[in-house]
Amino acid sequence: MIPNAVSYRLAKARLHASLTPGLAATYDSDGFALADIAVADGKISAVAAHDRAAISSGAVDLAGRIVLPCFVDCHTHIDKGHIWPRKPNPDGTFTGALNAAGADRVARWSAEDLAKRMDFSLRSAYAHGTKALRTHLDSVAPQEEISWPVFETMRETWRGRIELQGACLLGIEGVRDKKWFDRLAKRVAAAKGVLGVVTYMVPDLEELLDHVFAQAIKHGLDLDFHADETDDIAAISLKKIAEAALWSGFEGNILVGHCCSLARQPDLEVLDTLDKVAKAGLAVVSLPMCNLYLQDRRSDHTTPRWRGVTLLHEMKARGIAVAVASDNTRDPFYAYGDLDMLEVYRMATRILHFDHPVADWPQTVAATPAKVMRLDGFGTLAAGGDADFILFKGRSWTELLSRPESDRIVVRGGLAIDRQLPDYAELDGLMVE
Ligand SMILES: [Zn+2]
């Protein structure tokens, strides 16, 4: 369907208003418009409202199929990915996940083990249509000395296919060892990474956050937090991060993931937090599949009654940048997943109600995470941009989100890529005890 040519034209593509800045066209109530796309030398040379004459003049007729820009996945853990067969979560709880993943890291995460699993993950993400991905990297000593060099090599190997970003990951109590943490911040800066920690309601949280912000300012790093991944209403570290951002005068980008407990808190508390988050310019990423899996997991095998996700609608209504992302894949934090951002968007639509109306929710898997990750030109379709897009079978939201779209066509630099997914059997050698 996509010509194997340096230049060609596509007619009657269905584009979404939220991801096609600058396209003057008549959009329907679902936000779609029919458009014609011209591709030349790997770039989109023109996008215009569909003109009936286009097909008779030789453009390929896409017959109203949806075309989206390639995905941006801003919160993943490809260092943990695919360890499930050798280290499952014994009971599906957050604690079970933390302990299992920690034990596996200590026992098995050599450079070779990491590189093979990370490459496997990236091949899946690429085949599904992802163009940029941020991974957290467990950076508890001595793992940081193993993982960061592997990450740097992997980023080079994948340059041009997936723009890879790395953020360090450690519990905030690790910041108490200031000498070690400052060294880690320096290492992250050397790798042009992002400074990340997991916040807990420890008594010295404010002091530790101050130190994290000070190190980020010192090295010019963006920040990325895991916050309040719990149903405990006393978990208010999102608010503490916003306060720290405001009083430190931090000017970089801050992304905060999870924020589950916010959805359980009283309205007044929520409003106060959201005011501060908006004022501080924080962006929030929800991880709907992982949250659904881990949150409200009941040890007595009764049925979960809470979806686990944070208040994205309320955040977006206040102008807070919101995204959704994959999070974990086939590891103790989430037994499933394949870094398929269409699956994430489909699940988010159902879990978080990204519908009726769809409005600009599609930005959560493309334009918004691209902005948070400082990736110009990513996550939108526009003239002058790279010809990187995904052609689906679906012609409407209900068609797009009802099937896996395993036969989608991913176009990179104007050419359809080989979408063969890696075979799980490739990992068998890493899974033996
Ligand atoms: Zn995470």
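Residues numbered from 1 in each chain as written. Predicted model: local features only at pLDDT ≥ 70, side-chain atom pairs only at ≥ 80, totals over all residues. Heavy atoms only, no water.

Where an unreviewed UniProt entry is consulted, the protein appears under the name Cytosine deaminase, with the organism given as Mesorhizobium erdmanii.

A. Broad picture of the packing of aromatic side chains. Tallying each qualifying case throughout the model produces 13 aromatic pairs. With 5.7 Å between their ring centres and 75° between their planes, Phe 94 and Phe 333 make a pair best called edge-to-face. Of this pair, Phe 94 sits in helix α2 (residues 94–108) while Phe 333 sits in the loop between β13 (321–324) and α11 (341–352), and the two are 239 residues apart along the sequence. The exposure class of Phe 94 is partly exposed, given its relative accessible area of 21%. An angle of 25° between the planes, with centres 6.1 Å apart, marks the rings of Phe 120 and Tyr 424 as stacked. Residue Phe 120 is located in helix α3 (residues 111–128), and its partner Tyr 424 is located in the loop between β16 (415–416) and α14 (428–431); the two are separated by 304 residues in the primary sequence. On the basis of relative accessibility, which here comes to 45%, the residue Tyr 424 falls in the partly exposed class. An aromatic cluster of three or more residues is present, and its members are Phe 32, Tyr 345, Phe 354, Trp 361 and Trp 397. Looking at Arg 117, its charged tip hangs above the ring of Trp 109, at a distance of 5.5 Å from the centre. Here the guanidinium or amino end of Arg 330 rests over the ring plane of Tyr 424, the centre of that ring lying 4.4 Å away. (Phe/Tyr/Trp six-rings, centres within 6.5 Å; stacked < 30°, edge-to-face > 60°. Helix = DSSP H or I, 4+ residues; strand = E, 2+ residues; numbered from the N terminus. Buried < 20%, exposed > 50% of the residue type's maximum accessible area, 1.4 Å probe, protein only. Lys NZ or Arg CZ within 6 Å of the ring centre and 35° of its normal.)

B. Region of interest: helix α8 (residues 267–280). Compared with an ideal rise of 1.5 Å per residue, which puts 14 residues at 20 Å, α8 spans 20 Å between its outermost C-alpha atoms and is within 8% of the ideal. Inspection of α8 places Val 270, Thr 273, Leu 274, Val 277 and Ala 280 among the buried residues, and these make up the whole buried set. In a view along the axis of α8, the buried residues occupy a sector of 130°, so they form one face of it. More than 90 degrees from the buried face of α8, the exposed residues found are Asp 267, Leu 268 and Lys 279. In the core, the buried residues of α8 are packed alongside α7 (237–248), β12 (283–286) and α10 (312–317). (Expected span 1.5 Å × (residues − 1). Arc of directions from axis to C-beta. Contact = heavy atoms within 4.5 Å.)

C. Seen up close, the sheet that holds strand β9 (residues 195–199). Here we have five strands laid out as an open sheet, ordered β9-β10-β11-β12-β13, and parallel in their pairing. The open sheet has two edge strands with one neighbour each: β9 and β13. The average undirected angle you get between the axes of adjacent strands in this sheet is 20°. As paired strands, β12 and β13 are joined by four bridges and run parallel to one another. Paired with Val 284 across the two strands is Val 322, which belongs to β13. (Pairing = 2+ DSSP bridges. Axes fitted to C-alpha atoms, helices over the stretch in contact; angles between N-to-C directions.)

D. Molecular detail of the domain arrangement of the protein. Once the domains are mapped, the protein shows domain 1 (7–69 + 380–416) and domain 2 (71–372). The gap between the C-alpha centroids of domain 1 and domain 2 is 31 Å. Our count for the contact surface shared by domain 1 and domain 2 stands at three salt bridges. Here Asp 386 ties to Lys 131 by a salt bridge, and the two come within 3.9 Å at their closest N and O atoms. Inspection of the region where domain 1 meets domain 2 yields seven residue pairs in polar contact (both at pLDDT 80 or more). (Domains from an automatic or database assignment. Salt bridge = Lys/Arg side-chain N within 4 Å of Asp/Glu carboxyl O. Polar contact = N/O pair within 3.5 Å; in protein donor to acceptor, adjacent residues only side chain to side chain.)

E. Up close: the packing of α3 against helix α4 (residues 143–158). At a minimum axis separation of 10 Å, α3 and α4 run at an interaxial angle of 40°. As summarised for this structure, α3 and α4 are arranged oblique, according to the angle between their axes. The handedness of the crossing between α3 and α4 is right-handed. In this structure, α3 contributes Ala 111, Leu 114, Ala 115, Met 118, Asp 119, Leu 122, Arg 123 and Tyr 126 to the contact, and α4 contributes Gln 143, Ile 146, Ser 147, Val 150, Phe 151, Met 154 and Trp 158. (Parallel < 35°, antiparallel > 145°, perpendicular 65-115°, else oblique. Left-handed = near helix turned anticlockwise from the far one by under 90°.)

F. Main features of the pattern of salt bridges. The full count for this structure, using the stated rule, is 30 salt bridges. In this structure, Arg 86 and Asp 104 form a salt bridge, with 2.8 Å as the shortest nitrogen-oxygen distance. With a gap of 18 residues between them, Arg 86 in the loop between β6 (71–76) and α2 and Asp 104 in helix α2 connect regions that are remote in the sequence. With respect to burial, Arg 86 and Asp 104 carry one shared label: buried. With its nearest N and O atoms 3.1 Å apart, the salt bridge here joins Asp 296 to Arg 298. Judged by its relative accessible area of 13%, Asp 296 falls in the buried class. Residues joined by salt bridges that share partners form a network here, namely Glu 206, Lys 239, Lys 240, Glu 243, Glu 269, Asp 272 and Lys 276.

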